[in-house]
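Observations on chain architecture
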Amino acid sequence: MSGFNNSAILSRRRLLGMGTVGVGGLLLAGCDKINANPALRSILQGADDLHYPLQRGMLGRDTLAREFSPAQMSPVFRTNGNVTADTDAYRAHVADNFARWTLTVDGLVKTPLALPLAALMAMPQRSQITRHDCVEGWSAIGKWQGPQLGGILAMAGLLPAARYAVFHCADNFGTTPYYESIDLIEAFHPQSILAWRMNDQPLSVGHGAPIRLRVERQLGYKQAKYVMRVELRDTLAGLYGGKGGFWEDSTGYQWYAGI
Ligand SMILES: Nc1nc2c(c(=O)[nH]1)N[C@H]1C(S)=C(S)[C@@H](COP(=O)(O)O)O[C@H]1N2
Ligand SMILES: [Mo]
């Protein structure tokens, strides 16, 4: 997919840049530094209500995030956030190389699943070289491989009321578990995969072993590591803080974190 024409994609930065005089120039010039500035961050957060329908309306549901060539891969892809899950259960999985680990798929599905890692590895695979953009001000280009999330959801069969896929992770911040969520358009997007390989190696503990979500049209905090369970829900209300993700609940980061 390298060479894919990306010029039609209106990024969050360009959208905001078009509509917000002054801020737009800053965003275009130094977009990675915005998070350091609370005033700019609040402008970004305030734009969310407008931003989600605009992006959903202007981007095709299958518009692809840009893909890169192997030569463009970053020599170093740093880790961020939690770099392990500090529980006995997770340590036991690491010790036996995730041989007894299963991914749970449940909630509003016809057939709840418990998929061993070997089953995820045996499914049709997608690989993609993409750029990860963290709101904290760094980016890295890496290669990801795994089954498409859409294929896994199709195996489980969605019930008509399902609207969101929630990713429950093994790690916590204090006593609060990390979690994330996406809508079904994003869940069935071709580049949405559960990656167990990164840069042609098994996913390391630091990067989210055994599997992590890649949703390539969105920012870093949506890329949930240590995914243990995918829960299909009709609403995000009533789940933790109700805003659909750990950072969304605790800092007000946007739920639809389109790049
Ligand atoms: N479970 C879990 N997923 C997570 C995080 C985390 O702390 N826990 N941090 C997020 C953030 S802010 C970023 S930028 C990326 C970092 O991924 P990396 O460690 O592979 O670079 O993971 C995201 N997913
Ligand atoms: Mo991040």
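Calculation rules
Residues numbered from 1 in each chain as written. Chains lettered and ligands numbered in written order. Predicted model: local features only at pLDDT ≥ 70, side-chain atom pairs only at ≥ 80, totals over all residues. Heavy atoms only, no water. pLDDT = per-residue confidence, 0-100. Contact = heavy atoms within 4.5 Å. Phe/Tyr/Trp six-rings, centres within 6.5 Å; stacked < 30°, edge-to-face > 60°. Helix = DSSP H or I, 4+ residues; strand = E, 2+ residues; numbered from the N terminus. Buried < 20%, exposed > 50% of the residue type's maximum accessible area, 1.4 Å probe, protein only. Salt bridge = Lys/Arg side-chain N within 4 Å of Asp/Glu carboxyl O. Core = buried A, V, L, I, M, F, W, Y, C linked by side-chain atoms within 4.5 Å. Pairing = 2+ DSSP bridges. Axes fitted to C-alpha atoms, helices over the stretch in contact; angles between N-to-C directions.

Mean pLDDT over the chain stands at 85; residues scoring 70 or higher make up 77%. Contacts for the low-pLDDT stretch residues 1–37, under 50 throughout, to residues beyond four places or in other chains number 65 contacts.

This brings us to the packing of aromatic side chains. Following the criterion strictly, the structure yields 13 aromatic pairs and no others. A ring pair is formed by tyrosine 179 and tyrosine 240, whose centres lie 4.7 Å apart and whose planes are at 40 degrees; its orientation type is tilted. Here tyrosine 179, found in strand β6 (residues 176–183), pairs with tyrosine 240, found in the loop between β11 (227–233) and α9 (246–251); they are 61 residues apart in sequence, far enough to count as distant. The exposure class of tyrosine 179 is buried, given its relative accessible area of 1%. Put simply, the rings of Phe173, Tyr178, Tyr221, Phe246, Trp247 and Tyr253 pair up and form one aromatic cluster.

Let us look at the pattern of salt bridges. For the structure shown, the criterion picks out 13 salt bridges. In this structure, the salt-bridge partner of aspartate 133 is arginine 131, at a minimum N-O distance of 2.9 Å. Between glutamate 248 and lysine 222 there is a salt bridge; the shortest N-O distance is 3.2 Å. Pair noted here: glutamate 248 is in helix α9 and lysine 222 is in the loop between β10 (212–214) and β11, with a separation of 26 residues, a long-range link. As far as the burial class goes, glutamate 248 and lysine 222 line up, both buried. Residues participating in the shared-partner salt-bridge network are Asp106, Arg229, Glu231 and Arg233.

Before going further, it helps to examine the nonpolar core. Leu103, Val105, Leu120, Phe167, Ile211 and Leu232 are the most contacted members of the largest nonpolar core, which has 44 residues in total. Within the residue set of this core, elements represented by two or more residues are β1 (102–107), β2 (113–116), α6 (117–122), α7 (149–156), β5 (164–173), β6, α8 (184–187) and β11. Beyond its immediate sequence surroundings of up to four residues, leucine 232 is in contact with Val105, Asp106, Gly107, Leu108, Val109, Leu153, Leu158, Ala162, Tyr164, Ala165 and Leu184. Among the nonpolar cores identified, the runner-up in size contains 9 residues, and Phe77, Cys134, Ile193 and Leu203 belong to it.

So, about the sheet that holds β1. Read from one edge of the open sheet, 5 strands run β2-β1-β11-β5-β6, paired in mixed fashion. If you trace the sheet from one side to the other, it starts and ends with β2 and β6, each paired once. This sheet shows a mean twist of 20 degrees between the axes of neighbouring strands, independent of strand direction. Looking at chain direction, β1 and β2 are connected through 4 bridges and run antiparallel. Within β2, the residue paired with threonine 104 across the bridge is alanine 114. Each of β1, β2, β5, β6 and β11 is contacted by α7, which is oriented at about 135 degrees to β2, the strand it contacts most.

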